[in-house]
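Chain and residue survey
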Amino acid sequence: MSERSLLALGFALLLLRSRITLTVDVLRRVSRLAEKARGGKVLSPAEVVNAVQEGYRNNPDGSKSLLVVYRDRLSEVKIRPTPQDRFTQDAGYFPPIPSSVKSKPNIDAAFLKQLGAILFRIAIPELRSKETLIVLTHSFFLVLRTVLSIAVAKLDGVIVRDLVRADLKGFIRGLGLWFLLAIPSTLTNSMIRHLQSKLSLRLRTRLTRYIHDLYLSSFPHLRYYRSGLEGVEQYLTADVEAWAETLSGLYGNILKPSLDLVLFTSQLSRSLGVRGTLLLFVNYYATITILRTVTPAFGRLAAVEARLEGEYRSGMGRVGREAEEIAFYNGGLREKEILTNAYTKLIRHVNSIYKIRIAYEWTEDYVIKYLWSAAGYGLIAVPLLFTRRVAQRTQTYFSNRRLLVSLADAGGRLMYAYKHVLQLAGLTTRLYTLISTLHNLPPLPQPKLSSDNGIVVDHVDVCPGLNPPLVKDLSFVLKEGDHLMITGSNGTGKSSVARVLAGLWVPGGDLASISRPPARLEDGRRSLFVVPQRSYMVSGSLLDQVIYPDSYVDAVERWEKEAGAKERAVDHGLKKIREILEMVHLAYLPEREGGWFTRKEWRDVLSGGEKQRMAMARVFYHRPMYAILDECTSAVSSDVEGKMYERAKSLGITLITISLRPSLAKYHRQLLTLQGEDGSAGWTLTRLGTEEERMGIDREIKVLEDRLAEVEGWEKRVKELERLLGVV
């Protein structure tokens, strides 16, 4: 091999190596960019569990960063909770809706007002937003598609003209331009679909976050507790999604056809002349008149369908929630009848809509496809009959025909859009009803703050809404350590008293007043904590069941203050949680269920007694000043129940117990007995361990002694009956 060949070979190897190195560097850079776009490095299993448990992080500016784990990668989504003053400002834009408008939504001023309130106060609250940018970009591509359609129509005529003339060069040039126009045309169609989906998602996200913040409001609003709306889950899920999709699709289905009508009509008028243009507008007017006459009330039909869909979904959810109770009663057949009835109503309504659509869509297709086509042939024949050159006549025919076909398509989409506008009216009315109802709920009255951290109830009538009071003129004073037990027959209002004390119900009576400590004490503890009859298990990990309603982030912040060091906070906290579970005899749960961060459907995993003991564990974790225990230990054995009550008292928690168990009286100092079983709505308050209580006990002992004295006589009577029966 010559020296020149060796040099060439060495140069080639160096060049190849440099290209390989360059390619590897490029791939590494692309990989890093892709990794960054996907959300950073791959997380270890422990990091994934910790991120899922953490859920979100608080930012210094008051916003939160949601931690979203997808394919073992972490992404942070920054959200800003809607401030309360924003709701106060928006309330004036959502006055209550009249019942007549609610039952018959239509395209009128009321619909436009509702749509404007939802769209410009919630979905797109300001011009400088991503939604506005998406709308502008979407509009640009819609206009671009119309311009490209006109260019394609003209080019179509030119290609046919050159073909009739047998002009090979012109024909090839036209095909080249055709393929060039195909590139922006296909890109434009793809971008329109993408931007429409993007706009729908943004509108849905905005609306969902706003309604969540409004609906899941804290005291004194508690809108989720007081809304009174049925099938709220249908409003919050399916209705919001359908509204966003319909509105985003409707924008393109109105703007693009409207622009097409203007531009295509302008182009056709140049060929048709004044007479042809007038006939074209006559065709428009006739089409609109016919279709408006035969169009049914799609808005009202859509609203009814959404309501029936919500009732069916609510029924399915009820069966899922109450599956065990239904199984005990073997009530599957009865539940099937209920669900079948709800589904049958839904299907009958949907079928009625389909039947209504038959006549409407038949008329719509006939008018738009055939009437417009016949009118179009008559219109494009006008310039052709007065043009003698074959090539020029052919070009005019094909250009006008394509424009007319596009014009008919635009008119058809506008007519279809009218139907979608009616459906949007129905969805808008439902969403407006939800938002307006939530905005117009007055806040619950704030209780007075007591000066000595006591609870003072003065002349309070306990009334369930507008019904007669269950308890009249209730008055008592409760100090720290002055444990109160509330008892009475079923239906006398024991749990209702708890609702009034917790602030869920407005105290009735002209002179009624309630004083209690502030919601948060100086040391950060809650002043009042309620454990209801039915134990609630939150969606989340085992740890979440104990610390609820606090989040993991709140718990870690608390543990950092207690431990004094961030590194030891979690270990310190989990140790405290284990001690609490030992207090309620649930220390075995972390090992049995797979650890603190195990996520399960705890409502189904834990037994009734375990759920009640878990609720008591929450009381020990939060250590409130007062704890209302509403028959929350009915499934717990007496010995464990007693230990938990003793532990609660040792932690400095003042107990307000609602129960029918006499054995719990010894853990309390006052006894409130409700006597409303006869309709009197009366009550008595006695102090346990006093002379009054001893007198009551003495009377009960005297009654028992008198009954025991009759035992001898009853025994004689039993023997006589046995003797008589033996003779028989």
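- The name recorded for the protein in an unreviewed UniProt entry is ABC transporter domain-containing protein, from Amanita muscaria.

**Details of the overall build of the protein**
- Broken down by element type, the protein carries 23 helices and 15 strands.
- In the protein, which comprises 728 residues, the share counted as buried stands at 41%.
- Contacts in the protein between residues at least 24 apart in sequence constitute 72% of all its contacts with a sequence separation of at least 6.
- A total of about 41,400 Å² of accessible surface is found on the protein, and carbon and sulfur atoms cover 58% of it.

**Things to note about the sheet that holds strand β8 (residues 513–516)**
- Within the open sheet, the four strands sit side by side as β4-β8-β5-β6. Their pairing is mixed. Each having just a single partner strand, β4 (448–449) and β6 (471–478) make up the two edges of the open sheet.
- In terms of strand pairing, β4 meets β8 through two bridges, oriented parallel. Bridge pairing links K448 to S515 in β8.
- Contacting β5 (455–462), β6 and β8, helix α14 (residues 494–502) runs over the sheet at an angle of about 125 degrees to β5.

**Some details on the packing of helix α20 (residues 608–622) against helix α21 (residues 638–650)**
- Running from N to C, α20 and α21 point in directions that differ by 10 degrees, and their axes come no closer than 11 Å. One way to sum up the angle between α20 and α21 is to call them roughly parallel. In contact with R613, M616 and F620 of α20, α21 contributes V640, M644, R647 and A648.
- By residue class, the composition of the contact of α20 with α21 is five nonpolar, no polar and two charged.

**Focus on unusual backbone geometry**
- Here the residue pair F219 and P220 is connected by a cis peptide bond, since its omega of 15 degrees sits within 30 degrees of zero.
- Mapping P220 onto the fold places it in the loop between α7 (168–215) and α8 (223–226).
- The omega torsion of the bond from Y548 to P549 falls at 10 degrees, within 30 degrees of zero and hence cis.
- Structurally, P549 is set in the loop between α15 (542–547) and α16 (552–563).

**Section: the layout of surface pockets**
- Roughly 2,800 Å³ of internal volume is contained in the largest pocket.
- Lining of the largest pocket is provided by 50 residues; of these, S218, L222, Y224, Y548 and P549 occupy positions nearest its centre.
- Mapped by element, the contributors of at least two residues to the lining of the largest pocket are β2 (64–70), α3 (84–90), α7, α8, α14, β9 (528–531) and α20.
- In the lining of the largest pocket, the residues fall into 27 nonpolar, twelve polar and eleven charged.

**Examining the pairing of strand β7 (residues 484–488)**
- Across the five residues of β7, five count as buried, placing the element largely inside the fold.
- In β7, alternate side chains face the same way, and those of L484, I486 and G488 on one face and M485 and T487 on the other are all buried.
- Pairing analysis gives three bridges linking β7 to strand β13 (residues 654–658), with the strands arranged parallel. Bridge pairing in β13 links I486 to I658.
- As defined by bridge partners, β7 adjoins strand β14 (residues 670–675) across five bridges and the pair is classed as parallel. Its bridge partner lying in β14, L484 is registered against Q670.

What counts, and at which threshold
Residues numbered from 1 in each chain as written. Predicted model: local features only at pLDDT ≥ 70, side-chain atom pairs only at ≥ 80, totals over all residues. Heavy atoms only, no water. Helix = DSSP H or I, 4+ residues; strand = E, 2+ residues; numbered from the N terminus. Buried < 20%, exposed > 50% of the residue type's maximum accessible area, 1.4 Å probe, protein only. Contact = heavy atoms within 4.5 Å. Areas by Shrake-Rupley, 256 points an atom, 1.4 Å probe, with all protein chains shown as cover. Pairing = 2+ DSSP bridges. Axes fitted to C-alpha atoms, helices over the stretch in contact; angles between N-to-C directions. Parallel < 35°, antiparallel > 145°, perpendicular 65-115°, else oblique. Nonpolar A, V, L, I, M, F, W, Y, C, P; charged D, E, K, R; others polar. 1 Å grid on protein atoms, 1.4 Å probe; cavity = no way out; pocket = protein on both sides within 12 Å on 5 of 7 lines; lining within 4 Å. Points joined across faces, edges and corners; volume = space filled by probe spheres on them.

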